[in-house]
Amino acid sequence: MEKKVHSANPSSEKIVLWSEEQKIETCFDRAEKMKPCPIGEEGACCKVCHMGPCRLVGKNAEEEARGVCGAQLSTVAARNFLRMIAAGTSAHSDHARGMAYTLLAVANGETHEFKITDVRKLYRVAGYLNIEFEGRPVNDVARDIATKLIEDFGRQMGGEINYATRAPKKTLERWRKWGIVPRSIDREVVEAMHRTNIGVDHDPDHLLLQGLRTALADGWGGCMISTDITDILFGTPTPIKAEASFGIFKEDEVNLVVHGHEPLMAEIMVDVINEPEIVAYAKSKGAKGVNLGGMCCTANEVLMRHGIPTAGGFTNQELGIMTGLIDALTVDVQCIMPAIAELSKKFHTKIITTSEKAKMQGAMHIQFDEHRAREIAREIVKLAIDNFPNRTTKGSHITEKFPVIGGFSHEYIEYMQGGRWRGSFRPLNDAIMAGRIRGVVGLAGCDNPRVPSTGLHTFLATELIRNDVLIVSTGCGSAACGTSGYLTPEMALENAGPGLREVCEAIGIPPILHLGACVDNSRILTIASAMAAEGGLSDEIGGMPAVGIAPEWMSEKAIAIGCYFAASGVPVIFGGNSPVGASQEVTRIMTDVWFERFKGAFHFEPDPEKMLDLALKYIDTAREALKLKKYEPGKFATEKVLMDMAARRELEKSAKPHLGF
Ligand code: SF4
Ligand code: MSK
């Protein structure tokens, strides 16, 4: 019998095998034991009222099966999908609300724990919002920005979210034509829940249009607001070195890990761990100092801005504890496995919940408060230090780690293509037009124990760059690439096709650009809009040789992200079985109908080879429709000249000194 691979990452796999020897259960074991319900998995189970749950199954379910109320399969599948979008949107957007409130508190002087770090970004955002900033006190501008963005959550009387106008005009026109411009974030989520209540909206197409409107509220609302405010408060990322995988933990230092999604407390931790009093306290307990690491998207936030190392993505959280080296693990919100509380009892790790919204049986709770951020961070760091002497040798003590280059904000990508005054997307567009870069793929979403975890990400990353496709990655897609050593110019360039390699060498970038956390998928929207504005490709996001892929997704947030890309004009391909697969009608709407209306589509495809083929097919078809040069594999293998020399000199002069590698 073939040996089962749990994780494609050798370090992770080693720990999983150790856990099996020790009879310690992980998500990989539970995924084996708990097979997905085949009815719910494909969207055919309705439980929105207590006459059900109704399971719409059978050979002719599409035409014949009805729930007790008479609901058809297409209604049920679309309704289930819309609820997933609403849940995903609410998660990102509640996070964004917290960021907006913090910005307001800073502007009003109600907290002195945070400050406005990036005034240039503040002005840029003020520009998006038509807020006057010249000659005004920074805090006044910040207050106006926070107030205006907070309106986006609860606007009541129609209207459109502020950032809708950041989309290319044609993209916005499509949204207006189909009535999917979000009015406000909370309102779209509430309406989605209302419409999916028993006996309200039954037309699958109509339900799914509300799905797109809700998802756009996530992408161009919650996610974009979160990215912008985080940049304003903590700085817009620029390329930075970090490390990834379990080898980031140190034997002789206190290991404190921040896990979840919110950056506020993690940002303060970065400072606190280096305070002389804290270092002295750590030494008094026999440690050399405090080593801060991250997991999931809180990790991505502090990696992008401070080079804090990451232990990896979603499926690494239990495995990290099993190294036996984590003294304390703080968790805020989202993607935290409840299993870690029980697991931690087998080791010495303290699990600390910090959000007022998220508690866990068996974990300590120390509530974060933005007004007392430093005091709380010190309390947690001291707790981790106090726990250091309790460390035993139990654990698998993996020491492998890989270098990572992160920190590619859209501002930096623009800057690296021409410097501060001439930054643009011209070189990137030109390289795509010439066929040096075949297209762009956003590789995002979770890692998943139902497949050899992280393996689909790394397979696609390798194949796409070999096919001259530039990758922008976020979330656990970045973590999967980082913990496999793919986020370095050297490692990945060995695999890149000749055209992409030349572009990367000229600009000094890796072929996989780590753009940040899940909310930073909004940076991809901004990049796509800038490419449309630059000219030479499509004049809207739709029609670009670009695709989004989430090969191992599991979270409802990923569904919301996929939908906002599809509505914006990007075809997306998700792995696994389709959660609407029971209904051919819903599948048809999300592929053919959405493509016709928005030039985006939403596919589910479990086979990674087919995902790759479909992505390349979309890219090549878009190239053909744009009448770009036909992409020829290997064409640039022997060519010496990348762009004209003047452009190349400009790029090298402006970008390389800032990259630090
Ligand atoms: Fe069944 Fe209709 Fe109730 Fe759904 S809403 S559970 S299909 S009766
Ligand atoms: S953390 S949503 S497992 S990407 Fe943003 Fe990773 Fe998916 Fe959570």
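Residues numbered from 1 in each chain as written. Chains lettered and ligands numbered in written order. Predicted model: local features only at pLDDT ≥ 70, side-chain atom pairs only at ≥ 80, totals over all residues. Heavy atoms only, no water.

(A) Representation of the overall build of the chain within the structure. Counting its regular elements, the chain contains 28 helices and 15 strands. Here the chain has a C-alpha radius of gyration of 24 Å; the compact-globule value for 661 residues is 26 Å, and the two agree. Reported as C-alpha extents along the three principal axes, the dimensions of the chain are approximately 70 × 70 × 60 Å. Each of the 661 residues in the chain was classed as buried or not, and the buried ones make up 64%. As presented, the chain carries roughly 24900 Å² of accessible surface, and 53% of it is formed by carbon and sulfur atoms. Across the chain, the 75 positively charged side chains and the 84 negatively charged ones have centroids separated by 1 Å. (Helix = DSSP H or I, 4+ residues; strand = E, 2+ residues; numbered from the N terminus. Rg over C-alpha atoms; globule rule 2.2 N^0.38 Å. Buried < 20%, exposed > 50% of the residue type's maximum accessible area, 1.4 Å probe, protein only. Areas by Shrake-Rupley, 256 points an atom, 1.4 Å probe, with all protein chains shown as cover. Lys, Arg positive; Asp, Glu negative; His and termini not counted. Charge placed at Lys NZ, Arg CZ, Asp CG, Glu CD.)

(B) Main features of the environment of Ile240. Structurally, Ile240 can be placed in strand S3 (residues 240-244). Take Ile240: its relative accessible area is 22%, and that puts it in the partly exposed class. In this structure, the C-alpha to C-alpha distance between Ile240 and Arg305, residues 65 residues apart in sequence, is 7.5 Å. Every residue in contact with Ile240, bar those within four places of it in the chain, is listed here: Leu303, Met304, Arg305, His306, Gly307, Val404, Ile405, Gly406 and Gly407. (Contact = heavy atoms within 4.5 Å.)

(C) Representation of the sheet that holds strand S11 (residues 469-474) in the model. Read from one edge of the open sheet, six strands run S12-S11-S10-S13-S14-S15, paired in parallel fashion. Two strands bound the open sheet, and with one partner strand each, they are strand S12 (512-516) and strand S15 (601-604). Pairs of neighbouring strands in the sheet enclose a mean axial angle of 20°, with direction left out of account. The pairing of strand S10 (residues 439-443) with strand S13 (residues 546-550) spans four bridges and is parallel. Note that in S13 the partner of Val441 across the bridge is Val547. Packing of helix H20 (residues 455-466) onto the sheet brings it into contact with S10, S11, S12 and S13, and relative to S11 it is tilted by some 150°. Contacting S10, S11 and S12, helix H21 (residues 475-482) crosses the sheet at an angle of about 110° to S11. (Pairing = 2+ DSSP bridges. Axes fitted to C-alpha atoms, helices over the stretch in contact; angles between N-to-C directions.)

(D) Highlighting the packing of aromatic side chains. Under the definition given, this model contains 16 aromatic pairs. Ring centres of Phe81 and Phe602 lie 5.8 Å apart, and the angle between their planes is 80°; on these two criteria the pair is classed as edge-to-face. Taken together, the residues span a long stretch of sequence, with Phe81 in helix H5 (residues 73-107) and Phe602 in strand S15 at a distance of 521 residues. For the pair Phe81 and Phe602, one class covers both residues: buried. An aromatic cluster is defined as three or more aromatic residues linked by ring pairs; in this entry it consists of Phe81, Trp553, Phe574, Phe602 and Phe604. Note that Lys382 overlies the ring of Tyr281, its terminal NZ or CZ placed 5.9 Å from the centroid. (Phe/Tyr/Trp six-rings, centres within 6.5 Å; stacked < 30°, edge-to-face > 60°. Lys NZ or Arg CZ within 6 Å of the ring centre and 35° of its normal.)

(E) Structural detail: the environment of Pro511. Position of Pro511 relative to the elements: it lies in the loop between helix H23 (498-507) and S12. Pro511 sits in the buried class, given a relative accessible area of 0%. A sequence separation of 22 residues divides Pro511 from Pro489, and the C-alpha atoms of the two residues are 7.0 Å apart.

(F) Local environment of the domain arrangement of the chain. We note that the domain assignment places domain 1 (73-234), domain 2 (246-390) and domain 3 (403-629) within the chain. Taking the mean C-alpha position of each, domain 1 and domain 3 sit 23 Å from one another. With 40 residues of domain 1 in contact, the opposing surface of domain 3 contributes 41 residues. Summing the contributions of domain 1 and of domain 3, the shared interface buries around 3500 Å²; its carbon and sulfur component is 67%. There are six salt bridges connecting domain 1 and domain 3. In this structure, Arg174 and Glu540 form a salt bridge, with 2.7 Å as the shortest nitrogen-oxygen distance. Our count for the domain 1 to domain 3 interface comes out at 14 residue pairs in polar contact (both at pLDDT 80 or more). Contributing elements (two or more residues each) for the side of domain 1 that touches domain 3: H5, helix H6 (119-128), helix H8 (169-177) and helix H10 (204-234). (Domains from an automatic or database assignment. Buried area = accessible area lost by both parts, 1.4 Å probe. Salt bridge = Lys/Arg side-chain N within 4 Å of Asp/Glu carboxyl O. Polar contact = N/O pair within 3.5 Å; in protein donor to acceptor, adjacent residues only side chain to side chain.)

(G) Molecular detail of the side chain of Thr196. Tracing the backbone through its elements, the reader meets Thr196 in the loop between helix H9 (185-195) and H10. We classify Thr196 as buried; its relative accessible area is 0%. For Thr196, the side chain forms a polar contact with the main-chain oxygen of Ala192, separated by 2.9 Å. Within the structure, the side chain of Thr196 is placed 3.1 Å from the backbone oxygen of Met193, a separation counted as a polar contact. Leaving out residues up to four positions away in the same chain, Thr196 has contacts with Val48, Arg79, Leu82, Arg83 and Leu207.

(H) Molecular detail of helix H19 (residues 426-434). Of all the positions in H19, only Pro427, Leu428, Asn429, Ala431, Ile432 and Ala434 are classed as buried. Phi turns positive one or two residues past the end of H19, at Gly435, with a value near 90°.

(I) Structural context of a nonpolar patch on the surface. Taken together, Met51, Val68 and Ile198 make up a surface patch of nonpolar side chains, about 280 Å² in accessible area. With respect to the secondary-structure elements, Val68 resides in the loop between helix H4 (61-64) and H5. (Patch = residues over 30% accessible without salt bridge, like charges linked within 9 Å, V, L, I, M, F, W, Y side chains within 5 Å.)

(J) Just the pairing of S12, in detail. Judged by how many residues are buried, S12 sits mostly within the fold: five of five residues are covered. Direction of pairing for S11 relative to S12: parallel, over a ladder of four bridges. Within S12, the residue paired with Val472 across the bridge is Leu513.

(K) Seen up close, the packing of helix H13 (residues 296-306) against H21. With their axes 9 Å apart at the nearest point, H13 and H21 run at an angle of 75° to one another. With respect to H21, the element H13 is oriented roughly perpendicular. Two secondary-structure elements touch here, H13 through Cys296, Cys297 and Asn300 and H21 through Gly475, Cys476 and Ser478. Among the residues forming the contact of H13 with H21, the class breakdown is three nonpolar, three polar and no charged. (Parallel < 35°, antiparallel > 145°, perpendicular 65-115°, else oblique. Nonpolar A, V, L, I, M, F, W, Y, C, P; charged D, E, K, R; others polar.)

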